[in-house]
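# Structural description and commentary
Here are the chains, one letter per residue:
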Amino acid sequence: MLENCKTARERWGGVSEIIDRWLHLRQSLLVCFCTLSDQKHFAAGDGSAETSLRDLCQQLVDYVSTGHFEVYDQLVREGQAFGDAKGLEQARQLYRDIDPTTDTAVDFNDKYQETDDLETLAADLSQLGEALEVRFFAEDRMIATLHMAHKQDLS
């Protein structure tokens, strides 16, 4: 009963905070990614690169997990609450773009959690960077479609 009494602002205003925290994770991920990508050659036993790589993997897993288990669900619930069938359909299409990038991120993480062989790291970082670019674009569109489109309704 109390749930029915909440205003839209009370119900969905917290989504902005979740998105803000998630975008902060994205920024941290990008800093780790760029720091490691700036290094063009990787040698076996390069402690600095290995530390940066472990940090990148952790940031990557945190970011992807937060998206899948917190942010996307909140965005879909918001779209449902506002009866936004068009936005929900767009989100389903965007999720089709996001899903393969999750596989790329998980594969990258799994590979570099299992090995200290950095021979293919530069190529793998390039592939990961391309996947992240696709992912960020689709996620930003999803936020615009399912959250920002309703922001005026939260007033």
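Refer to the structure presented above.
Residues numbered from 1 in each chain as written. Predicted model: local features only at pLDDT ≥ 70, side-chain atom pairs only at ≥ 80, totals over all residues. Heavy atoms only, no water.

## Topic: the overall build of the protein chain
The helix and strand inventory of the protein chain stands at 5 helices and 0 strands. Mapped in sequence order, the helices and strands of the protein chain form the string α-α-α-α-α. Every one of the 155 residues in the protein chain was classed for burial, and the buried ones make up 41%. When contacts within the protein chain are restricted to residue pairs at least 6 apart in sequence, those whose partners lie at least 24 apart make up 82%. Total accessible area on the protein chain is roughly 8,900 Å²; 51% of this is exposed by carbon and sulfur atoms. (Helix = DSSP H or I, 4+ residues; strand = E, 2+ residues; numbered from the N terminus. Buried < 20%, exposed > 50% of the residue type's maximum accessible area, 1.4 Å probe, protein only. Contact = heavy atoms within 4.5 Å. Areas by Shrake-Rupley, 256 points an atom, 1.4 Å probe, with all protein chains shown as cover.)

## Considerations on the packing of helix H3 (residues 47–81) against helix H5 (residues 121–146)
Direction vectors running N to C along H3 and H5 enclose 20°, while the axes themselves pass 12 Å from each other. Overall, the two elements H3 and H5 adopt an arrangement that is roughly parallel. Judged by the twist between their axes, the crossing of H3 over H5 is left-handed. From H3, Leu53, Leu56, Leu60, Tyr63, Val64, His68, Tyr72, Leu75, Val76, Glu78 and Gly79 reach across to H5, where they touch Leu121, Leu125, Leu128, Leu132, Arg135, Phe136, Glu139, Met142, Ile143 and Leu146. (Axes fitted to C-alpha atoms, helices over the stretch in contact; angles between N-to-C directions. Parallel < 35°, antiparallel > 145°, perpendicular 65-115°, else oblique. Left-handed = near helix turned anticlockwise from the far one by under 90°.)

## What about the pattern of salt bridges?
For the structure shown, the criterion picks out 5 salt bridges. The salt bridge involving Lys111 is made with Asp124; its shortest N-O contact spans 2.6 Å. One end of the pair, Lys111, is in helix H4 (residues 85–114); the other, Asp124, is in helix H5, and 13 residues separate them in sequence. In this structure, Arg135 engages Glu139 in a salt bridge whose closest nitrogen and oxygen atoms are separated by 2.9 Å. Residue Arg135 and its partner Glu139 are located together in helix H5, separated by 4 residues, close to a single helical turn. The two residues Arg135 and Glu139 agree in class, both being buried. Residues joined by salt bridges that share partners form a network here, namely Arg26, Arg135, Glu139 and Asp140. (Salt bridge = Lys/Arg side-chain N within 4 Å of Asp/Glu carboxyl O.)

## Notes on the packing of aromatic side chains
Working definition: an aromatic ring pair is given by the centre-to-centre distance plus the angle between the planes. According to the stated counting rule, one finds 5 aromatic pairs in the structure shown. For the pair Tyr63 and Phe136, a centre-to-centre distance of 5.7 Å together with 85° between the ring planes defines the contact as edge-to-face. Remark: Phe136 occurs in helix H5 and Tyr63 occurs in helix H3; sequence separation between them is 73 residues. Since its relative accessible area comes to 0%, Tyr63 is described here as buried. Overall, Phe136 belongs to the buried group, its relative accessible area being 11%. On the basis of an interplanar angle of 85° and a centroid distance of 5.8 Å, the ring pair of Tyr72 and Tyr95 is categorised as edge-to-face. Of this pair, Tyr72 sits in helix H3 while Tyr95 sits in helix H4, and the two are 23 residues apart along the sequence. Here the aromatic residues Trp22, Tyr63, Tyr72, Tyr95 and Phe136 are joined through ring pairs into a cluster of three or more. Arg26 extends its terminal NZ or CZ atom over the ring of Trp22, reaching a point 5.9 Å from the ring centre. (Phe/Tyr/Trp six-rings, centres within 6.5 Å; stacked < 30°, edge-to-face > 60°. Lys NZ or Arg CZ within 6 Å of the ring centre and 35° of its normal.)

## Here's the deal with the environment of Val76
By the element assignment, Val76 lies in helix H3. Using a relative accessible area of 30% as the deciding quantity, one classes Val76 as partly exposed. Once the C-alpha coordinates of Val76 and His147 are considered, the two residues, 71 residues apart in sequence, prove to be 9.0 Å apart. Ignoring any residue separated from it by four or fewer positions in sequence, one finds Val76 in contact with Leu88 and Leu146.

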